[in-house]
Amino acid sequence: MTGIDDLLAESNDRWSRAMRNARGVEDIGLGPAVKTYYTRYFPVGVLVLTAAGAAAALLGFTDPLDDWGLALSVGLLLAAVGAVVGGLVYNAKKVAPAAQLNKTEVLIPLDSGERQQIQRQIMGKAAIVQERLCVARAGAVQMRKSLATQLLLTPAYLLVFASQTLNWVMRGDPFGWVMAVVLVGFMVAIAQLIREFRRTGRFLAGTSED
């Protein structure tokens, strides 16, 4: 029985450390912060920068009517640069303050199986263990913060792919259609990020004591 007792003691010690790491971790507005970015700043920035970049490119082309697609690809590339800069600034100014996090990752003390079980609870794929709910909630906040940052920066890559795809298609390069398929795959990946972000939000709302 000594071996079993040792394993139980190690498990309890891991969970105790995880619970200490979970203290003070809280989502205080990640959802509204991301929503504001996507309903205000991102669409306006993309439209303005794409139009400005395309207009500037057209001024340098000899035949604007034939080169409008290439000009649009330049505009999308400029919008991608703006999305990276704007996403980083918004993340630092608005998203980071919307979550109270500790310097230590909550789930680090746990083994891989225990971390997977917590993640399954957060995603709604496993029953919630009430005795360790504080760890799961803190893990959800950290996951949600990471997803929020990805959601701010990933669209920039989407704009780059869109720019290059349009450029190659307008030039008649067959590889452009291959890139179009990759672009669709990238959009699916972003949709998955949004889905997981919403799931973490539902988990936190469903387990809140308020």
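See the structure above.
Residues numbered from 1 in each chain as written. Predicted model: local features only at pLDDT ≥ 70, side-chain atom pairs only at ≥ 80, totals over all residues. Heavy atoms only, no water.

Caption draft 1: Representation of the pattern of salt bridges. Under the defined criterion, the tally for this structure stands at 4 salt bridges. As a salt-bridge pair, Asp13 and Arg17 come within 3.3 Å of each other at their nearest N and O atoms. Residue Asp13 and its partner Arg17 are located together in helix 1 (residues 2-22), separated by 4 residues, close to a single helical turn. Two residues, Asp27 and Arg144, come together in a salt bridge whose shortest N-O distance is 2.8 Å. Here the residue Asp27 occupies a position in strand 1 (residues 26-27), and Arg144 occupies one in helix 5 (residues 133-170), the gap between them amounting to 117 residues. Looking at Arg144, the relative accessible area reads 8%, which means it is buried. Overlapping salt bridges bring together Arg14, Asp111 and Glu114 as one network. (Salt bridge = Lys/Arg side-chain N within 4 Å of Asp/Glu carboxyl O. Helix = DSSP H or I, 4+ residues; strand = E, 2+ residues; numbered from the N terminus. Buried < 20%, exposed > 50% of the residue type's maximum accessible area, 1.4 Å probe, protein only.)

Caption draft 2: Expanded view of the packing of helix 4 (residues 112-122) against helix 5. Where helix 4 meets helix 5, the closest approach of the two axes is 9 Å, and the angle between their N-to-C directions is 80 degrees. As summarised for this structure, helix 4 and helix 5 are arranged roughly perpendicular, according to the angle between their axes. Contact residues: helix 4 offers Ile118, Gln119, Gln121 and Ile122, while helix 5 offers Val135, Ala136, Gly139, Ala140 and Met143. Each residue belonging to the contact of helix 4 with helix 5 can be placed in one class, and the counts come to 6 nonpolar, 3 polar and no charged. (Axes fitted to C-alpha atoms, helices over the stretch in contact; angles between N-to-C directions. Parallel < 35°, antiparallel > 145°, perpendicular 65-115°, else oblique. Contact = heavy atoms within 4.5 Å. Nonpolar A, V, L, I, M, F, W, Y, C, P; charged D, E, K, R; others polar.)

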